[in-house]
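Listed below are the residues making up each chain.
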Amino acid sequence: RPKLPTSMQRAADLVAARLGLSTKQGYGELLQKLVRHFRSFEPGSPPPDSGDLYRDLALGKRGICRHRAYAFVVTAHGLGIPARYVFNEAHVFVEVWIPTQANATRDEQAESWLRVDLGGPHPSRLDRSRSPPSWRVWTAGCCAEAGGSR
């Protein structure tokens, strides 16, 4: 279980409560709600400064990929979900740990990190002339190939 410093855990608890998230919810349900929330961010001016950057980003729902990813990872860690911040020269996304399910078939039993694209790359960093790589991404409760069909 990821550990946050006490002050960050308090902030993550406040954000989780405002988002209607609880550790009593199932892992998959929590992930779906987290992804839905952090994908709903809009570009634009930063939210007003309250003195807590994480809380401002998570609840203000403004920002590009790096803002979404940072706030997602802190919130996930606060809920006990292992997550990591991943970046390259053009985009930031997160990865979450997907544990083995008790009723999984042998082929499904591998635990793994799953890439979660929250969207929001800065428009100037997109190269629209190149097709997207074929990465596994979290899409509305299932895995699919980026740029492919479900």
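Residues numbered from 1 in each chain as written. Predicted model: local features only at pLDDT ≥ 70, side-chain atom pairs only at ≥ 80, totals over all residues. Heavy atoms only, no water.

Structural notes on the overall build of the protein
Quick note on the threshold: Starting at the N terminus, helices and strands are each numbered in turn, a helix being any DSSP run of H or I of at least four residues and a strand any DSSP run of E of at least two. Relative accessibility decides the category of a residue: with a 1.4 Å probe and only protein chains considered, values under 20% of the type maximum give buried, values over 50% give exposed, and everything between is partly exposed. We call two residues in contact when some of their heavy atoms are within 4.5 Å. Every accessible area reported is derived by Shrake-Rupley at a probe size of 1.4 Å, with residue values counting cover from the shown protein chains alone.
A tally of helices and strands in the protein yields 4 helices and 5 strands. When the elements of the protein are put in sequence order from the N terminus, they spell out α-α-α-α-β-β-β-β-β. Counting all 150 residues of the protein, 36% fall into the buried class. Of all intrachain contacts in the protein linking residues separated by at least 6 positions in sequence, the fraction that spans at least 24 positions is 48%. If you sum the accessible surface of the protein, you get close to 9100 Å²; carbon and sulfur atoms cover 51% of it.

Let's talk about unusual backbone geometry
A positive phi is found at lysine 61, a non-glycine position, where the angle reads about 55°. Mapped onto the elements, lysine 61 comes out in the loop between α3 (53–60) and α4 (65–78).

Notes on the confidence of the model for the protein
Put simply, the rule is: Residue-level confidence of the predictor is what pLDDT reports, using numbers from 0 through 100.
For the protein, per-residue confidence averages 79 on the pLDDT scale, and 73% of positions sit at 70 or higher. Within the protein, the element-level pLDDT minimum falls on strand β5 (residues 142–145), averaging 32, and the maximum on helix α1 (residues 6–18), averaging 97. Counted against residues more than four places away or in other chains, residues 123–150, with its pLDDT under 50, gives 38 contacts.

Side note on the nonpolar core
The condition that has to hold: Grouping buried Ala, Val, Leu, Ile, Met, Phe, Trp, Tyr and Cys residues that are joined through side-chain atoms within 4.5 Å yields what is termed a nonpolar core.
Core analysis: the largest hydrophobic core is formed by 31 residues, its most contacted members being Leu34, Phe38, Tyr54 and Phe72. Mapped onto this core, the elements with two or more residues apiece are α1, α2 (27–39), α3, α4, β2 (92–98) and β3 (112–116).

Here we look at the packing of aromatic side chains
Where we set the bar: Pairing of aromatic side chains here covers Phe, Tyr and the six-membered ring of Trp, requires ring centres within 6.5 Å, and sorts the geometry by plane angle: under 30 degrees stacked, over 60 edge-to-face, intermediate tilted. Consider the ring centre and the ring normal. A charge sits over the ring if Lys NZ or Arg CZ is within 6 Å of that centre and within 35 degrees of that normal.
The full count for this structure, using the stated rule, is 5 aromatic pairs. Measuring from centroid to centroid gives 6.4 Å for tyrosine 54 and tyrosine 70, while their planes differ by 85°, and the two rings are edge-to-face. Separated by 16 residues along the polypeptide, tyrosine 54 in helix α3 and tyrosine 70 in helix α4 bring together distant segments of the chain. Looking at tyrosine 54, the relative accessible area reads 1%, which means it is buried. Considering the side-chain rings of tryptophan 97 and tryptophan 113, the 5.4 Å spacing of their centres and the 70° angle between planes classify their relative orientation as edge-to-face. One end of the pair, tryptophan 97, is in strand β2; the other, tryptophan 113, is in strand β3, with 16 residues separating them in the sequence. By way of ring pairs, the aromatic residues Phe38, Phe41 and Phe72 are connected into one cluster. The ring of tryptophan 113 has arginine 84 sitting right over it, with the charged end atom 3.9 Å from the ring centre.

A short note on a nonpolar patch on the surface
Rules: Only residues whose relative accessible area exceeds 30% and that form no salt bridge enter a patch; like-charged residues are grouped when within 9 Å of one another, and nonpolar side chains (Val, Leu, Ile, Met, Phe, Trp, Tyr) when within 5 Å. Each salt bridge in this description consists of a side-chain nitrogen of Lys or Arg and a carboxyl oxygen of Asp or Glu lying within 4 Å of one another.
A surface patch of nonpolar side chains, about 430 Å² in accessible area, is lined by Leu53, Tyr70, Tyr85 and Phe87. For tyrosine 70, a relative accessible area of 30% translates into the label partly exposed.

Overview of the side chain of glutamine 25
For clarity, the threshold we go by: Any N or O atom pair separated by 3.5 Å or less is treated as a polar contact, with the protein-specific requirement of one donor-capable and one acceptor-capable atom, and with residues adjacent in sequence counted only for side-chain atom pairs.
Its location among the elements puts glutamine 25 in the loop between α1 and α2. Note on glutamine 25: relative accessible area 17%, which makes it buried. There is a polar contact of 3.3 Å between the side chain of glutamine 25 and the backbone oxygen of glycine 20. With sequence-adjacent residues up to four places away left out, glutamine 25 is seen in contact with Gly20, Leu30 and Lys33.

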